Amino acid sequence: MGEAPAGSPVRSERTGDVAVVYAGDYLNKLSGERIERVCRERLREGCRALVVDFNETSMVNSIGVSILLGVIDAAERTSARLVFAGASGQAAQLFQLLGLTRHVTLAPDKQTALKLLSEFTDAGAANH
Amino acid sequence: MAEQTDKLIHAFSALADLGAEIAESRDFEEMVRSTLHVVLGALGLRRGLVAEYEREPALLRFVAAWGMGDDAPNMATFDAGRAELLCVGSGLLNLSETQTRPALPQQLGTELTATLVSLRVSLVAPLVVHGELVGLIALGGKATDEAFTAEDRDVIRTMAHHIGVGIHNHRLLREVERRADENRQLYNNLRGIYRDTVRAFAAAIDCKDKYTQGHSERVGKYAEIIARELGWSEEQIEGVAVGGYLHDVGKLVVERDIINAPYRIDAKQSSELNRHPAAGYEILAPIRHPDADIPLMAKYHHERIDGRGYPEGLMGDEIPPAAKVVALADSFDAMTTDRTYRRRKEFPDVIEDLRSNTGRQFASDVVIAFCRALLKEVDGTPRERRITRLLGKGYIEPELVRPLLVELIEELEARAHATAGNG
């Protein structure tokens, strides 16, 4: 599977307050900046939770890591929940090694991530 | 141990990313932003900024920041003494030690130290190249919430050195570009001065002949129009325009009485007048013109395609193309302006003259190009009507002139086609 061509849009979908953003197979400066832009846009639009789906991601480089740390920062600043879903192999190892996993919720796949978030939302509603 | 190895492998890979970003980024700020990302991503740091140091006016200009929201400063004053102090130390400054090491605020300055601490920066690496401060990188917030290790510091030192070299090289490049711009400006100024001098010279040439005032300037302009229509390069067009302006410079050595004779001059006077192309060459040859053919344009503007011109009786392609252009421009202006001994020709007669003399006196492609340029003006294609303006109001009647031009162009093209076919 090749890298998404330069300038190709990042795939994302939104259900209510939750947005899912799909990372491509290689997270570098080009693709990372596009993902970051979409994540910030969704947060500005009022999303309370973001799922970044790494199911197709086989490689993340140093710039990709830095940009993801920026996404974490943006989510924290808006008190939004952030879930990294489907990360495996080199990407998962790197997130663990560099401490990204301390600041995000991990889920094995998108469905589990969405379920986690709905439970969180339900719990929040129940507490009110 | 395995984790330490993995971290080192990742840092090593990041170092390769850093080299690529420094080498490949054309834009300075883009390069700095990318290198900051590499450092942050190599160690999992949540915030950082990179500043470029400018000795004059002694300030740090923050070029890139990450993880600081809108709080990152744009610039900070930083005097030369502090810059030297940082270079001498050339090590990393741990801002978490500001309480225990009072020397730290002295190195960075109390205000900058306070700013960086408020931004939760914990480590500052001066960027030093050839013993001079080129900037600094400020880092903080490991995502693991751990303190910087000795290995982290080694990675930061190595990367800081690379980033410093990258900034230094971009500065050199900017300096080279600035000087190239200055040289370009200087060159353009010199060209302007050259052009003005040429025009002044042309005016001086025409002053000698009270009936041909403005002739040289008009020939320059006609020549430029023809060359443009022929599709010549801008340098060639400018060269032939200058050749047009200066083609009669040799007349400066011809007796004023002969030039201004209110009658047809005799053979002896004609011979004297015919010296002017060679004299013009002698005047222009020692000057280093941007276009080396300019002296030849003066020398050969009275040569004819059929070899019956002067001073050398050159034929066809022996005549330089620019001299052919100047020759037509010169003759056209002579036909379309009043002289001491005759009125100017009516335009249909000019067309007839061009028809009968193309292939004898004038080069076919040059005449066709000139007619095409004039036809475009008659049809209103170019916004600026240069030829018709030079000819004066009322001289050209579009509805009369258009069919004459079309007919002549078609005839000359057919002739050229037939000649090529016979060849």
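Residues numbered from 1 in each chain as written. Chains lettered and ligands numbered in written order. Predicted model: local features only at pLDDT ≥ 70, side-chain atom pairs only at ≥ 80, totals over all residues. Heavy atoms only, no water.

**Remarks on a negative patch on the surface**
Residue and element names in this part refer to chain B. Keep this limit in mind: To count toward a patch, a residue needs a relative accessible area above 30% and no salt bridge. Like charges then connect within 9 Å, nonpolar side chains (Val, Leu, Ile, Met, Phe, Trp, Tyr) within 5 Å. For the area figures, the Shrake-Rupley method with a 1.4 Å probe applies, and any residue is considered shielded solely by the protein chains shown. The rule for a salt bridge is simple: a side-chain nitrogen of Lys or Arg has to be within 4 Å of a carboxyl oxygen of Asp or Glu. Under the convention used here, Asp and Glu are negative, Lys and Arg are positive, and both His and the chain ends fall outside the count. To locate a charge, take atom NZ for lysine, CZ for arginine, CG for aspartate or CD for glutamate. Helix and strand labels come from DSSP, where a helix needs a run of H or I of at least four residues and a strand needs a run of E of at least two; each type is numbered from the N terminus. Classification of residues uses two cut-offs on accessible area relative to the type maximum, computed with a 1.4 Å probe and protein chains only: under 20% is buried, over 50% is exposed, and between them is partly exposed.
A contiguous patch of negative charge, built from Glu 346, Asp 349, Glu 397 and Glu 399, is present on the exposed surface. Note that Glu 397 resides in the loop between helix H16 (386-391) and helix H17 (398-422). For Glu 397, a relative accessible area of 41% gives the class partly exposed.

**Observations regarding the nonpolar core**
All names here are of chain B. Keep this limit in mind: Definition of nonpolar core: a set of buried residues of the types Ala, Val, Leu, Ile, Met, Phe, Trp, Tyr and Cys, connected through side-chain atoms within 4.5 Å. For this analysis, residues touch if any pair of their heavy atoms sits within 4.5 Å.
If you look at the biggest cluster of nonpolar residues, it comprises 57 residues, and the most contacted ones within it are Phe 347 and Leu 354. The element contributing the most residues to this core is helix H15 (residues 364-379), with 10 residues. Ignoring anything within four residues of it in the chain, the contact list for Phe 347 reads Phe 332, Leu 374, Tyr 395, Ile 396 and Val 401. Grouped together as the second largest cluster of nonpolar side chains are 35 residues, Ala 42, Ala 125, Val 155 and Ile 156 included.

**Details of unusual backbone geometry**
For the bond from Glu 56 of chain B to Pro 57 of chain B, the omega torsion is 15 degrees, close enough to zero to count as cis. At the junction of Tyr 310 of chain B and Pro 311 of chain B, the peptide bond is cis and its omega measures out at 10 degrees in the coordinates. Secondary-structure assignment places Pro 311 of chain B in the loop between helix H12 (294-299) and helix H13 (321-335). For Ser 79 of chain A, which is not glycine, the phi dihedral falls at a positive 55 degrees. In this fold, Ser 79 of chain A is placed in the loop between helix H2 (62-77) and strand E6 (81-85). Its identity as a non-glycine residue notwithstanding, Asp 145 of chain B has a phi of 65 degrees, on the positive side. Of note, Asp 145 of chain B is situated in the loop between strand E6 (132-142) and helix H6 (150-207). On the basis of relative accessible area, Asp 145 of chain B is assigned to the exposed category, the value being 58%.

**Side note on the packing of H6 of chain B against helix H8 (residues 234-246) of chain B**
All names here are of chain B. Let me state the cut-off plainly: Geometry is summarised by axes, namely lines fitted to C-alpha atoms with helices restricted to the contacting stretch, and by angles between N-to-C directions that run from 0 to 180 degrees. Angular relationships are summarised with four words: roughly parallel below 35 degrees, roughly antiparallel beyond 145, roughly perpendicular across 65 to 115, and oblique for the angles in between. Residue polarity follows a fixed list, in which Ala, Val, Leu, Ile, Met, Phe, Trp, Tyr, Cys and Pro are nonpolar, Asp, Glu, Lys and Arg are charged, and the others, Gly among them, are polar.
Between H6 and H8, whose axes approach to 8 Å, the crossing angle comes to 25 degrees. Between H6 and H8, the interaxial angle falls into the category roughly parallel. The segment H6 lies against H8, with Arg 191, Tyr 194, Arg 195, Val 198, Arg 199, Phe 201, Ala 202 and Ile 205 engaging Glu 238, Val 242, Tyr 245 and Leu 246. Across the contact of H6 with H8, the residue classes tally to eight nonpolar, no polar and four charged.

**Considerations on the confidence of the model for chain B**
Note the threshold: The pLDDT score gives, residue by residue, the confidence of the prediction method on a 0 to 100 scale.
On average, residues of chain B score 90 in pLDDT, and 97% of them are at 70 or above. Within chain B, no element has a lower average pLDDT than helix H4 (residues 103-108) of chain B, which sits at 72, and none a higher one than H13 of chain B, at 97.

**With respect to the pattern of salt bridges**
For side chains of opposite charge, pairing can occur when their charged atoms come near one another. Evaluated as defined, the whole model comprises 51 salt bridges over all chains. Where salt bridges share partners, they join Glu 29, Glu 52, Glu 54, Arg 61, Arg 171 and Arg 174 of chain B into one cluster.

**Brief notes about the interface of chain B and chain A**
The condition is simple: A quick way to say it: buried area is the sum, across both parts, of accessible area lost when two parts are put together, with a 1.4 Å probe. Any pair of N or O atoms that falls within 3.5 Å is considered a polar contact. Within protein, one atom must be able to donate a hydrogen and the other to accept it, and sequence-neighbouring residues count only if both atoms are side-chain atoms.
Contacts between the two partners involve 26 residues from chain B, matched on the other side by 23 residues from chain A. Together, the buried faces of chain B and chain A total about 2,000 Å²; carbon and sulfur atoms form 54% of this surface. The interface formed by chain B and chain A holds four salt bridges in total. Summed over the shared surface of chain B and chain A, the result is 11 residue pairs in polar contact (both at pLDDT 80 or more).

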